[in-house]
Amino acid sequence: MLGLGVFAQATSAIFVHGTPFLLPALTGRGMPLATAGLLVAMPTVGLVCTLIAWGYLVDRIGERRVLIGGPLLMCAAGSVAAAMHTDIALGAALFVAGVGAASTNGAGGRVIVGWFPPRQRGLALGIRQAAQPAGVGIAALTIPYVAANHGVPAAILVPAMMAAVAAIGCLIGIVDPPRPEGAADNGLQANPYRGDNTLWRIHAVSVLLVVPQGTVWTFALLWLHRDLDWSLATAGLLVTGTQVLGALGRIGAGAWSDRVGSRLGPLRTVAVAAVIAMAALGFAAWAHWWWLAVPLLVAASVITVSDNGLAFTAVAEIAGPYWSGRGLGIQNTGQNLAVAAVPPVFGALITASGFPAAYLAAALLAVAAVPLVPTDRKSE
(Lines give C-alpha, C1' and ligand atoms only; values in the text may rest on other atoms or scores of the structure.)
Protein backbone atom coordinates (compact mmCIF):
# COMPACT_ATOMS: atom_id res chain seq x y z
CA MET A 1 0.00 0.00 0.00
CA LEU A 2 2.79 2.39 0.93
CA GLY A 3 4.80 1.69 -2.23
CA LEU A 4 1.82 2.19 -4.51
CA GLY A 5 0.80 5.35 -2.68
CA VAL A 6 4.31 6.75 -3.06
CA PHE A 7 4.45 5.96 -6.78
CA ALA A 8 1.01 7.41 -7.52
CA GLN A 9 1.80 10.60 -5.59
CA ALA A 10 5.20 10.94 -7.25
CA THR A 11 3.52 10.75 -10.66
CA SER A 12 1.09 13.51 -9.68
CA ALA A 13 3.99 15.61 -8.38
CA ILE A 14 5.85 15.29 -11.68
CA PHE A 15 2.79 16.53 -13.55
CA VAL A 16 1.82 19.34 -11.20
CA HIS A 17 5.18 20.56 -9.91
CA GLY A 18 7.33 19.41 -12.81
CA THR A 19 5.74 21.60 -15.48
CA PRO A 20 7.58 24.71 -14.17
CA PHE A 21 10.75 23.02 -15.44
CA LEU A 22 9.39 23.76 -18.92
CA LEU A 23 10.04 27.47 -18.24
CA PRO A 24 13.50 27.55 -19.90
CA ALA A 25 12.10 25.92 -23.06
CA LEU A 26 9.04 28.17 -23.14
CA THR A 27 10.87 31.43 -22.43
CA GLY A 28 13.65 30.37 -24.79
CA ARG A 29 11.22 30.58 -27.69
CA GLY A 30 10.21 34.13 -26.78
CA MET A 31 7.30 33.65 -24.39
CA PRO A 32 7.26 36.25 -21.55
CA LEU A 33 8.06 34.79 -18.13
CA ALA A 34 4.73 35.84 -16.62
CA THR A 35 2.81 34.20 -19.50
CA ALA A 36 4.88 31.04 -19.34
CA GLY A 37 4.38 30.98 -15.58
CA LEU A 38 0.61 31.09 -16.05
CA LEU A 39 0.73 28.23 -18.57
CA VAL A 40 2.80 25.91 -16.37
CA ALA A 41 0.50 26.68 -13.43
CA MET A 42 -2.52 25.15 -15.21
CA PRO A 43 -2.08 21.63 -13.77
CA THR A 44 -2.10 23.17 -10.30
CA VAL A 45 -5.26 25.12 -11.14
CA GLY A 46 -6.97 21.92 -12.27
CA LEU A 47 -5.80 20.19 -9.12
CA VAL A 48 -7.07 22.82 -6.69
CA CYS A 49 -10.47 23.00 -8.38
CA THR A 50 -11.18 19.33 -7.65
CA LEU A 51 -9.27 18.31 -4.51
CA ILE A 52 -12.26 18.63 -2.21
CA ALA A 53 -14.49 16.80 -4.72
CA TRP A 54 -11.99 13.93 -4.89
CA GLY A 55 -11.87 13.93 -1.08
CA TYR A 56 -15.64 13.62 -0.93
CA LEU A 57 -15.46 10.68 -3.33
CA VAL A 58 -12.83 9.02 -1.17
CA ASP A 59 -15.07 9.39 1.89
CA ARG A 60 -18.00 7.94 -0.05
CA ILE A 61 -16.63 5.21 -2.35
CA GLY A 62 -13.20 4.38 -0.92
CA GLU A 63 -9.59 4.85 -1.88
CA ARG A 64 -9.03 2.13 -4.49
CA ARG A 65 -11.48 3.39 -7.13
CA VAL A 66 -10.15 6.92 -6.84
CA LEU A 67 -6.54 5.78 -7.14
CA ILE A 68 -7.39 3.94 -10.36
CA GLY A 69 -9.61 6.55 -12.03
CA GLY A 70 -7.49 9.63 -11.28
CA PRO A 71 -4.22 8.39 -12.81
CA LEU A 72 -6.13 7.12 -15.87
CA LEU A 73 -7.51 10.63 -16.40
CA MET A 74 -4.03 12.06 -15.88
CA CYS A 75 -2.60 9.75 -18.53
CA ALA A 76 -5.33 10.54 -21.07
CA ALA A 77 -5.10 14.31 -20.57
CA GLY A 78 -1.30 14.28 -20.71
CA SER A 79 -1.37 12.36 -23.98
CA VAL A 80 -3.79 14.92 -25.42
CA ALA A 81 -1.63 17.80 -24.15
CA ALA A 82 1.39 16.38 -25.95
CA ALA A 83 -0.54 16.58 -29.22
CA MET A 84 -1.69 20.19 -28.83
CA HIS A 85 -0.22 22.89 -31.09
CA THR A 86 -1.57 26.07 -29.48
CA ASP A 87 -0.87 27.50 -26.05
CA ILE A 88 -4.58 27.72 -25.18
CA ALA A 89 -5.21 24.08 -26.07
CA LEU A 90 -2.08 23.01 -24.22
CA GLY A 91 -3.17 24.92 -21.13
CA ALA A 92 -6.66 23.33 -21.26
CA ALA A 93 -5.22 19.82 -21.48
CA LEU A 94 -2.79 20.52 -18.65
CA PHE A 95 -5.74 21.72 -16.57
CA VAL A 96 -7.52 18.38 -17.06
CA ALA A 97 -4.32 16.52 -16.23
CA GLY A 98 -4.24 18.45 -12.98
CA VAL A 99 -7.79 17.29 -12.26
CA GLY A 100 -6.61 13.70 -12.54
CA ALA A 101 -3.52 14.41 -10.45
CA ALA A 102 -5.70 15.68 -7.59
CA SER A 103 -7.02 12.18 -6.96
CA THR A 104 -3.86 10.85 -5.34
CA ASN A 105 -3.48 13.54 -2.69
CA GLY A 106 -6.24 12.47 -0.34
CA ALA A 107 -6.74 8.87 -1.43
CA GLY A 108 -3.07 7.89 -1.12
CA GLY A 109 -2.81 9.46 2.30
CA ARG A 110 -6.03 7.84 3.48
CA VAL A 111 -4.80 4.37 2.50
CA ILE A 112 -1.71 4.81 4.67
CA VAL A 113 -3.55 6.37 7.61
CA GLY A 114 -5.99 3.45 7.49
CA TRP A 115 -3.39 0.68 7.38
CA PHE A 116 -0.71 2.04 9.78
CA PRO A 117 -1.11 2.48 13.57
CA PRO A 118 -0.48 5.91 15.16
CA ARG A 119 2.98 4.99 16.47
CA GLN A 120 4.15 4.31 12.88
CA ARG A 121 1.90 6.71 11.03
CA GLY A 122 4.18 9.74 11.06
CA LEU A 123 7.04 7.78 9.53
CA ALA A 124 4.76 6.07 6.99
CA LEU A 125 3.17 9.34 5.91
CA GLY A 126 6.60 10.97 5.87
CA ILE A 127 7.69 8.33 3.38
CA ARG A 128 4.52 8.87 1.38
CA GLN A 129 4.93 12.66 1.45
CA ALA A 130 8.52 12.18 0.31
CA ALA A 131 6.98 11.19 -3.01
CA GLN A 132 6.37 14.86 -3.75
CA PRO A 133 9.99 16.10 -3.62
CA ALA A 134 11.11 12.83 -5.18
CA GLY A 135 8.73 13.48 -8.07
CA VAL A 136 10.02 17.03 -8.41
CA GLY A 137 13.57 15.70 -8.45
CA ILE A 138 12.73 13.23 -11.21
CA ALA A 139 11.04 16.05 -13.12
CA ALA A 140 14.06 18.33 -12.73
CA LEU A 141 16.30 15.61 -14.09
CA THR A 142 14.12 14.60 -17.05
CA ILE A 143 11.73 17.34 -18.15
CA PRO A 144 14.24 20.14 -19.01
CA TYR A 145 16.46 17.65 -20.85
CA VAL A 146 13.61 16.08 -22.83
CA ALA A 147 12.09 19.49 -23.60
CA ALA A 148 15.42 20.87 -24.82
CA ASN A 149 16.26 17.86 -26.98
CA HIS A 150 12.87 16.55 -28.10
CA GLY A 151 10.41 19.39 -27.49
CA VAL A 152 7.75 20.29 -24.94
CA PRO A 153 5.22 17.62 -26.09
CA ALA A 154 7.71 14.81 -25.51
CA ALA A 155 8.48 16.16 -22.03
CA ILE A 156 4.78 16.08 -21.10
CA LEU A 157 4.57 12.41 -22.07
CA VAL A 158 7.00 11.49 -19.27
CA PRO A 159 4.44 11.86 -16.43
CA ALA A 160 1.58 10.73 -18.68
CA MET A 161 3.16 7.31 -19.16
CA MET A 162 4.02 7.07 -15.46
CA ALA A 163 0.35 7.74 -14.66
CA ALA A 164 -0.67 4.73 -16.76
CA VAL A 165 1.70 2.52 -14.76
CA ALA A 166 0.32 3.95 -11.49
CA ALA A 167 -3.26 3.16 -12.49
CA ILE A 168 -2.39 -0.44 -13.33
CA GLY A 169 -0.46 -0.86 -10.08
CA CYS A 170 -3.33 0.49 -7.97
CA LEU A 171 -5.81 -1.75 -9.82
CA ILE A 172 -3.75 -4.79 -8.87
CA GLY A 173 -2.50 -3.92 -5.39
CA ILE A 174 -4.64 -1.40 -3.52
CA VAL A 175 -7.12 -2.65 -0.91
CA ASP A 176 -9.36 -0.17 0.93
CA PRO A 177 -8.47 -0.03 4.66
CA PRO A 178 -11.15 -0.99 7.18
CA ARG A 179 -13.19 1.75 8.80
CA PRO A 180 -15.06 1.59 12.13
CA GLU A 181 -18.42 -0.13 11.77
CA GLY A 182 -21.50 1.85 12.71
CA ALA A 183 -19.50 5.09 12.70
CA ALA A 184 -22.45 7.23 11.76
CA ASP A 185 -24.58 5.74 14.53
CA ASN A 186 -21.84 6.20 17.13
CA GLY A 187 -21.31 9.86 16.30
CA LEU A 188 -17.85 9.37 14.80
CA GLN A 189 -18.94 11.14 11.65
CA ALA A 190 -19.45 14.51 13.36
CA ASN A 191 -18.04 17.50 11.52
CA PRO A 192 -14.58 18.13 13.06
CA TYR A 193 -14.60 21.75 11.85
CA ARG A 194 -17.48 22.73 14.16
CA GLY A 195 -16.56 24.25 17.48
CA ASP A 196 -12.79 23.88 16.99
CA ASN A 197 -10.43 26.00 14.90
CA THR A 198 -7.48 23.58 15.06
CA LEU A 199 -7.93 22.25 11.54
CA TRP A 200 -8.44 25.72 10.08
CA ARG A 201 -5.25 26.95 11.74
CA ILE A 202 -3.28 24.01 10.37
CA HIS A 203 -4.65 24.77 6.90
CA ALA A 204 -3.62 28.43 7.21
CA VAL A 205 -0.11 27.54 8.41
CA SER A 206 0.33 25.15 5.50
CA VAL A 207 -0.81 27.74 2.96
CA LEU A 208 1.73 30.25 4.23
CA LEU A 209 4.58 27.75 4.45
CA VAL A 210 4.01 26.33 0.99
CA VAL A 211 4.93 29.64 -0.65
CA PRO A 212 8.65 29.36 0.24
CA GLN A 213 8.52 25.76 -0.94
CA GLY A 214 6.87 26.71 -4.23
CA THR A 215 9.27 29.60 -4.76
CA VAL A 216 12.32 27.38 -4.41
CA TRP A 217 10.82 24.61 -6.54
CA THR A 218 9.69 26.91 -9.33
CA PHE A 219 12.64 29.25 -9.71
CA ALA A 220 15.74 27.48 -8.38
CA LEU A 221 16.61 26.00 -11.77
CA LEU A 222 16.09 29.33 -13.55
CA TRP A 223 18.06 31.24 -10.87
CA LEU A 224 21.05 28.90 -11.11
CA HIS A 225 20.94 29.09 -14.91
CA ARG A 226 20.51 32.85 -15.30
CA ASP A 227 22.21 34.47 -12.30
CA LEU A 228 24.96 31.92 -11.65
CA ASP A 229 25.40 30.95 -15.34
CA TRP A 230 25.10 27.22 -14.63
CA SER A 231 24.19 24.88 -17.47
CA LEU A 232 20.66 23.46 -17.39
CA ALA A 233 22.08 19.96 -16.93
CA THR A 234 24.18 20.98 -13.91
CA ALA A 235 21.38 23.03 -12.38
CA GLY A 236 18.98 20.13 -12.89
CA LEU A 237 21.34 17.77 -11.10
CA LEU A 238 21.54 20.09 -8.09
CA VAL A 239 17.78 20.55 -7.96
CA THR A 240 17.35 16.78 -8.17
CA GLY A 241 19.78 16.32 -5.30
CA THR A 242 17.94 18.85 -3.15
CA GLN A 243 14.67 17.04 -3.78
CA VAL A 244 16.20 13.74 -2.66
CA LEU A 245 17.39 15.45 0.51
CA GLY A 246 13.93 17.01 0.90
CA ALA A 247 12.35 13.57 0.70
CA LEU A 248 14.67 12.35 3.45
CA GLY A 249 13.78 15.46 5.47
CA ARG A 250 10.07 14.60 5.32
CA ILE A 251 10.78 11.06 6.44
CA GLY A 252 12.91 12.32 9.31
CA ALA A 253 10.25 14.82 10.37
CA GLY A 254 7.62 12.07 10.39
CA ALA A 255 9.79 9.77 12.50
CA TRP A 256 10.52 12.68 14.86
CA SER A 257 6.78 13.30 15.32
CA ASP A 258 6.22 9.60 16.13
CA ARG A 259 8.97 9.69 18.74
CA VAL A 260 7.61 12.78 20.54
CA GLY A 261 3.96 11.75 20.03
CA SER A 262 3.03 15.09 18.47
CA ARG A 263 2.71 16.57 14.99
CA LEU A 264 2.27 20.23 15.91
CA GLY A 265 5.36 20.80 18.05
CA PRO A 266 7.72 19.73 15.25
CA LEU A 267 5.58 21.73 12.79
CA ARG A 268 6.27 24.93 14.73
CA THR A 269 10.01 24.24 14.79
CA VAL A 270 10.07 23.65 11.04
CA ALA A 271 8.18 26.91 10.45
CA VAL A 272 10.82 28.87 12.37
CA ALA A 273 13.60 27.13 10.45
CA ALA A 274 11.92 28.03 7.14
CA VAL A 275 11.93 31.71 8.07
CA ILE A 276 15.64 31.63 8.84
CA ALA A 277 16.59 29.65 5.73
CA MET A 278 14.64 31.78 3.24
CA ALA A 279 15.77 35.08 4.76
CA ALA A 280 19.40 33.96 4.71
CA LEU A 281 19.06 32.76 1.10
CA GLY A 282 17.57 36.08 0.03
CA PHE A 283 20.36 38.05 1.69
CA ALA A 284 23.12 35.84 0.26
CA ALA A 285 21.63 36.10 -3.25
CA TRP A 286 21.35 39.88 -2.91
CA ALA A 287 25.00 40.12 -1.77
CA HIS A 288 26.13 37.79 -4.59
CA TRP A 289 27.71 35.46 -2.04
CA TRP A 290 27.33 32.44 -4.31
CA TRP A 291 29.57 30.31 -2.11
CA LEU A 292 26.94 30.70 0.63
CA ALA A 293 23.80 31.08 -1.49
CA VAL A 294 24.02 27.64 -3.09
CA PRO A 295 24.32 25.73 0.23
CA LEU A 296 21.47 27.86 1.59
CA LEU A 297 19.38 26.92 -1.45
CA VAL A 298 19.97 23.27 -0.60
CA ALA A 299 19.07 23.85 3.06
CA ALA A 300 15.93 25.83 2.17
CA SER A 301 14.84 23.12 -0.27
CA VAL A 302 14.96 20.55 2.54
CA ILE A 303 13.44 22.66 5.32
CA THR A 304 10.55 24.11 3.30
CA VAL A 305 9.18 20.67 2.43
CA SER A 306 9.55 19.12 5.90
CA ASP A 307 6.32 20.63 7.26
CA ASN A 308 4.01 19.02 4.69
CA GLY A 309 3.97 15.52 6.12
CA LEU A 310 3.53 16.79 9.68
CA ALA A 311 0.51 18.92 8.76
CA PHE A 312 -0.91 16.20 6.51
CA THR A 313 -0.73 13.62 9.28
CA ALA A 314 -2.24 15.99 11.84
CA VAL A 315 -5.21 16.77 9.57
CA ALA A 316 -5.87 13.10 8.85
CA GLU A 317 -5.76 12.15 12.53
CA ILE A 318 -7.89 15.04 13.77
CA ALA A 319 -10.49 14.80 10.97
CA GLY A 320 -11.06 11.06 11.50
CA PRO A 321 -11.85 8.23 9.04
CA TYR A 322 -15.10 9.69 7.70
CA TRP A 323 -13.91 13.28 7.24
CA SER A 324 -10.23 12.96 6.43
CA GLY A 325 -10.87 12.76 2.68
CA ARG A 326 -12.51 16.18 2.74
CA GLY A 327 -10.08 17.48 5.35
CA LEU A 328 -7.09 16.52 3.24
CA GLY A 329 -8.87 17.95 0.21
CA ILE A 330 -9.25 21.31 1.96
CA GLN A 331 -5.64 21.11 3.14
CA ASN A 332 -4.26 20.49 -0.33
CA THR A 333 -6.63 22.97 -1.98
CA GLY A 334 -5.29 25.84 0.08
CA GLN A 335 -1.68 24.81 -0.46
CA ASN A 336 -2.03 24.35 -4.18
CA LEU A 337 -3.91 27.61 -4.66
CA ALA A 338 -0.88 29.28 -3.15
CA VAL A 339 1.49 27.23 -5.30
CA ALA A 340 -0.53 28.12 -8.42
CA ALA A 341 -0.04 31.80 -7.65
CA VAL A 342 3.71 31.48 -7.19
CA PRO A 343 4.83 31.24 -10.86
CA PRO A 344 2.94 34.29 -12.21
CA VAL A 345 3.12 36.47 -9.07
CA PHE A 346 6.70 35.73 -8.10
CA GLY A 347 7.68 35.66 -11.78
CA ALA A 348 6.49 39.26 -12.03
CA LEU A 349 8.31 40.12 -8.78
CA ILE A 350 11.55 38.59 -10.10
CA THR A 351 11.18 40.50 -13.36
CA ALA A 352 10.78 43.77 -11.43
CA SER A 353 13.18 43.28 -8.50
CA GLY A 354 15.20 40.09 -8.96
CA PHE A 355 15.43 36.70 -7.28
CA PRO A 356 16.56 37.98 -3.83
CA ALA A 357 13.34 39.96 -3.44
CA ALA A 358 11.30 36.83 -4.15
CA TYR A 359 13.17 34.83 -1.52
CA LEU A 360 12.75 37.56 1.09
CA ALA A 361 9.03 37.92 0.32
CA ALA A 362 8.61 34.19 0.84
CA ALA A 363 10.42 34.47 4.19
CA LEU A 364 7.96 37.15 5.33
CA LEU A 365 5.02 34.85 4.66
CA ALA A 366 6.70 32.11 6.69
CA VAL A 367 7.03 34.59 9.58
CA ALA A 368 3.24 34.98 9.59
CA ALA A 369 2.81 31.19 9.86
CA VAL A 370 4.73 30.72 13.12
CA PRO A 371 2.15 32.17 15.58
CA LEU A 372 -0.71 30.38 13.81
CA VAL A 373 0.54 26.87 14.64
CA PRO A 374 -2.02 25.43 17.12
CA THR A 375 -1.15 24.47 20.65
CA ASP A 376 0.70 21.17 20.86
CA ARG A 377 -1.59 18.18 20.55
CA LYS A 378 -0.68 14.54 20.98
CA SER A 379 -1.26 12.21 18.03
CA GLU A 380 -4.37 10.02 18.27
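What you see is a predicted model, and the numbers here were worked out from it, not measured in a lab. (Residues numbered from 1 in each chain as written. Predicted model: local features only at pLDDT ≥ 70, side-chain atom pairs only at ≥ 80, totals over all residues. Heavy atoms only, no water.)

K.L.:
Could you give me a rundown of the domain arrangement of the protein chain, with the residues and numbers involved?
P.N.:
Here the domain parsing of the protein chain yields domain 1 (1-176) and domain 2 (193-379). Each of domain 1 and domain 2 has a C-alpha centre, and these two points are 19 Å apart. Each side of the interface is counted separately: domain 1 has 45 residues, and domain 2 has 46 residues. Buried surface at the junction of domain 1 and domain 2, summed over both partners, amounts to about 3,700 Å²; 72% is from carbon and sulfur atoms. For the pair domain 1 and domain 2, the interface holds two salt bridges. Linking domain 1 with domain 2 are eight residue pairs in polar contact (both at pLDDT 80 or more). Secondary structure elements with two or more residues in the side of domain 1 that touches domain 2: helix H1 (2-18), helix H2 (23-28), helix H3 (33-40), helix H4 (42-61), helix H7 (103-115), helix H8 (118-129) and helix H9 (131-150). Element by element, the count of residues in the side of domain 1 that touches domain 2 is highest for H8, at 11 residues. Grouping the constituent residues of the side of domain 1 that touches domain 2 by class yields 26 nonpolar, 14 polar and five charged. (Domains from an automatic or database assignment. Contact = heavy atoms within 4.5 Å. Buried area = accessible area lost by both parts, 1.4 Å probe. Salt bridge = Lys/Arg side-chain N within 4 Å of Asp/Glu carboxyl O. Polar contact = N/O pair within 3.5 Å; in protein donor to acceptor, adjacent residues only side chain to side chain. Helix = DSSP H or I, 4+ residues; strand = E, 2+ residues; numbered from the N terminus. Nonpolar A, V, L, I, M, F, W, Y, C, P; charged D, E, K, R; others polar.)

K.L.:
Just give me the short version of helix H11 (residues 198-226), but keep the residues and values in it.
P.N.:
The end-to-end C-alpha separation of H11 is 42 Å, in line with the 42 Å expected for 29 residues at 1.5 Å each. In terms of residue burial, H11 counts as a mostly covered element, since 23 of its 29 residues are buried. (Expected span 1.5 Å × (residues − 1). Buried < 20%, exposed > 50% of the residue type's maximum accessible area, 1.4 Å probe, protein only.)

K.L.:
Which residues make up the state of the cysteines, and what are the values?
P.N.:
One pass over the full model with this rule turns up zero disulfides. Among the cysteines around Cys 75, which has no disulfide bond, Cys 170 carries the closest sulfur, lying 13 Å off. (Disulfide = S-S within 2.5 Å.)

K.L.:
Mind laying out the nonpolar core, listing which residues take part and the relevant values?
P.N.:
Nonpolar side chains in soluble globular proteins tend to be buried together. Among the nonpolar cores identified, the biggest contains 85 residues, and Leu 22, Trp 223 and Leu 224 are the most heavily contacted of them. With 10 residues, H11 is the single largest residue contributor to this core. The next biggest cluster of nonpolar side chains, apart from the first, holds 30 residues, and it includes Leu 310, Phe 312, Ala 316 and Ala 319. (Core = buried A, V, L, I, M, F, W, Y, C linked by side-chain atoms within 4.5 Å.)

K.L.:
For the packing of aromatic side chains, give the residues involved together with the corresponding values.
P.N.:
In the structure shown here, the tally under the stated rule is seven aromatic pairs. Both rings, one in Trp 223 and one in Tyr 359, keep their centres 5.7 Å apart while their planes meet at 85°; by these two values the pair is edge-to-face. Of the two residues, Trp 223 sits in helix H11 while Tyr 359 sits in helix H17 (residues 355-369), which places them 136 residues apart along the sequence. A single burial state applies to Trp 223 and to Tyr 359, both of which are buried. Here Phe 283 and Trp 286 contribute two aromatic rings whose centre-to-centre distance is 5.7 Å and whose plane-to-plane angle is 40°, an arrangement assigned as tilted. (Phe/Tyr/Trp six-rings, centres within 6.5 Å; stacked < 30°, edge-to-face > 60°.)

K.L.:
Pulling in residues and values, what's your account of unusual backbone geometry?
P.N.:
The backbone of Asp 229 shows a phi angle near 60°, a positive value even though the residue is not glycine. Mapped onto the elements of the fold, Asp 229 is located in the loop between H11 and helix H12 (232-260). Phi at His 288 takes a positive value of approximately 60°, unusual for a residue other than glycine. Inspection of the secondary structure puts His 288 in the loop between helix H13 (264-286) and helix H14 (290-303).

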